[in-house]
Amino acid sequence: MTDINPATATGTSTTTGATTSASANSTDSDAAFSTTTIGEDFNTFLQLLTAQIQNQDPLAPMDSTQFVDQLATFSSLEQQVETNQTLESIASMIGDLHSSLGSEWLGQDVAVRSQYVAYEGAPIQFEFDQGVDYDRAVLTVTDSQNNPVWQGDLDNAQTRHTWDGNVLGESTQAPNGIYSFQIDLYKDGVPVATRQPDIISRVTALGTENGQLKFGTDTHLTTDLNNLRKVTVN
């Protein structure tokens, strides 16, 4: 899944360190709270059980079945504490793995599949997955109000294409904003497929969302690893 990052699209960038640190701090805080809560329950139960044993009436001692039940509860709380500590360790290892994996992509030129593109005056480079036999490819660009801004044939001899911000019937460039790209493929005048572009971008930020590694780009796109493809930019 690919999203336009609203913060960076308006000129405010999110650094790698801030993104990763904020996410890590949130996870650490939640984990610490859980451990503290379970640990407090564990200690309280231990104190109560010890006091109950010490102060029981020798002539009417605690029922053995009840004592076994309480010991079972004691064991269950102890296991919860150990399980939570193990989960914290696993979460930490996953975070380290994400950081190691993500650092390999920082600064890399990539293609990110996205229907929506943030235009800021610089040409937008893109490719698209052909996948079918066609003889004509038509790019249609629409603005945020779904008004057509540009439509034109793409050069079939090229694998990488560019939209310079041209506007139909005007000599001026399109204003900065979010635009939608659609590529329609034809064979002998008959529509055969519709494609979204793979926007050429550079990875500039890393972060996590719901435990999933996310990448931010200089074209204000935010996506996951499954939607990235390394490319060479001349």
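This is a predicted model, so every value here is computed, not measured.

Caption draft 1: Broad picture of the overall build of the chain. When you go through the chain residue by residue, the secondary structure sums to three helices and 13 strands. With 234 residues in all, the chain has 32% of them scored as buried. The long-range fraction of contacts in the chain, counting pairs at least 24 apart against all pairs at least 6 apart in sequence, stands at 68%. Total accessible area computed for the chain in this model is approximately 13,900 Å², and 51% of it derives from carbon and sulfur atoms.

Caption draft 2: Spatial organisation of the nonpolar core. Counting residues in each nonpolar core, the largest one holds 29 residues, and the members touching the most others are Phe126, Leu139, Trp163, Tyr179, Phe181 and Ile183. Sorting the residues of this core by element identifies strand E2 (109–113), strand E3 (116–119), strand E4 (124–128), strand E5 (136–142), strand E8 (177–187), strand E10 (197–209) and strand E11 (212–217) as the ones contributing at least two each. Broken down by element, the residue count for this core peaks at four residues, all from E8. Non-local contacts of Phe181, meaning those with residues more than four positions away in its chain, are made with Gln115, Val117, Ile124, Phe126, Leu139, Thr140, Val141, Trp163 and Pro197.

Caption draft 3: Highlighting the packing of aromatic side chains. Taken as a whole and judged by the stated rule, the model has seven aromatic pairs. Relative to Trp163, the ring of Tyr119 has its centre 5.1 Å away and its plane inclined at 50°; by these criteria the two rings are tilted. One end of the pair, Tyr119, is in strand E3; the other, Trp163, is in strand E7 (residues 161–163), with 44 residues separating them in the sequence. Centre to centre, the rings of Tyr119 and Tyr179 are 6.2 Å apart; their planes meet at 80°, and the pair counts as edge-to-face. Residue Tyr119 is located in strand E3, and its partner Tyr179 is located in strand E8; the two are separated by 60 residues in the primary sequence. Taken as a pair, Tyr119 and Tyr179 share a single burial class, namely buried. Each member of the aromatic cluster is reached from another via a ring pair, and the members are Tyr119, Phe126, Trp163, Tyr179 and Phe181. Across from the ring centre of Tyr186, 5.6 Å away, lies the NZ or CZ of Arg136, which sits over that ring. One residue, Lys230, lies across the ring of Trp105, its end atom 4.9 Å from the ring centre.

Caption draft 4: Local environment of the confidence of the model for the chain. Of the residues in the chain, 71% have a pLDDT of 70 or more, and the chain-wide mean is 79. Counting contacts from residues 6–35, a segment whose pLDDT is below 50, to residues more than four positions away or on other chains yields 25 contacts.

Caption draft 5: Quick peek at the pattern of salt bridges. Tallied over the full model, the rule gives seven salt bridges. The salt bridge involving Arg202 is made with Asp109; its shortest N-O contact spans 2.9 Å. Placement of Arg202 in strand E10 and of Asp109 in strand E2 is noted, with a sequence separation of 93 residues between them. Take Asp109: its relative accessible area is 17%, and that puts it in the buried class. Among the ionic pairs, Lys187 bridges to Asp133, the shortest N-O distance being 3.4 Å. Here Asp133 lies in the loop between E4 and E5 and Lys187 lies in strand E8, a separation of 54 residues in the sequence. Look at Lys187 and you get partly exposed, because its relative accessible area is 28%.

Caption draft 6: Inspection of the environment of Asp224 at higher detail. With respect to the helices, strands and loops of the structure, Asp224 is situated in strand E12 (residues 221–224). For the pair Asp224 and Gly207, spaced 17 residues apart in the sequence, the C-alpha separation amounts to 9.8 Å.

Caption draft 7: Examining unusual backbone geometry more closely. Even without being glycine, Asn146 reaches a positive phi, approximately 65°. Within the secondary structure layout, Asn146 lies in the loop between E5 and strand E6 (148–153). Positioned with a positive phi, His220 is a non-glycine residue whose angle comes to about 70°. By the secondary structure assignment, His220 is in the loop between E11 and E12. When its relative accessible area of 9% is taken as the criterion, His220 is described as buried.

Caption draft 8: Spatial organisation of the side chain of Lys214. Considering the arrangement of structural elements, one finds Lys214 in strand E11. Leave out the neighbours within four places in its chain, and Lys214 touches Ala205, Leu206, Gly207, Thr208, Glu209, Thr222, Thr223 and Asp224.

Caption draft 9: Region of the structure containing the pairing of E6. Of the pairings in the sheet, the one linking E5 to E6 comprises five bridges and is antiparallel in character. Paired with Thr142 across the two strands is Pro148, which belongs to E6.

Calculation rules
- Residues numbered from 1 in each chain as written.
- Predicted model: local features only at pLDDT ≥ 70, side-chain atom pairs only at ≥ 80, totals over all residues.
- Heavy atoms only, no water.
- Helix = DSSP H or I, 4+ residues; strand = E, 2+ residues; numbered from the N terminus.
- Buried < 20%, exposed > 50% of the residue type's maximum accessible area, 1.4 Å probe, protein only.
- Contact = heavy atoms within 4.5 Å.
- Areas by Shrake-Rupley, 256 points an atom, 1.4 Å probe, with all protein chains shown as cover.
- Core = buried A, V, L, I, M, F, W, Y, C linked by side-chain atoms within 4.5 Å.
- Phe/Tyr/Trp six-rings, centres within 6.5 Å; stacked < 30°, edge-to-face > 60°.
- Lys NZ or Arg CZ within 6 Å of the ring centre and 35° of its normal.
- pLDDT = per-residue confidence, 0-100.
- Salt bridge = Lys/Arg side-chain N within 4 Å of Asp/Glu carboxyl O.
- Pairing = 2+ DSSP bridges.

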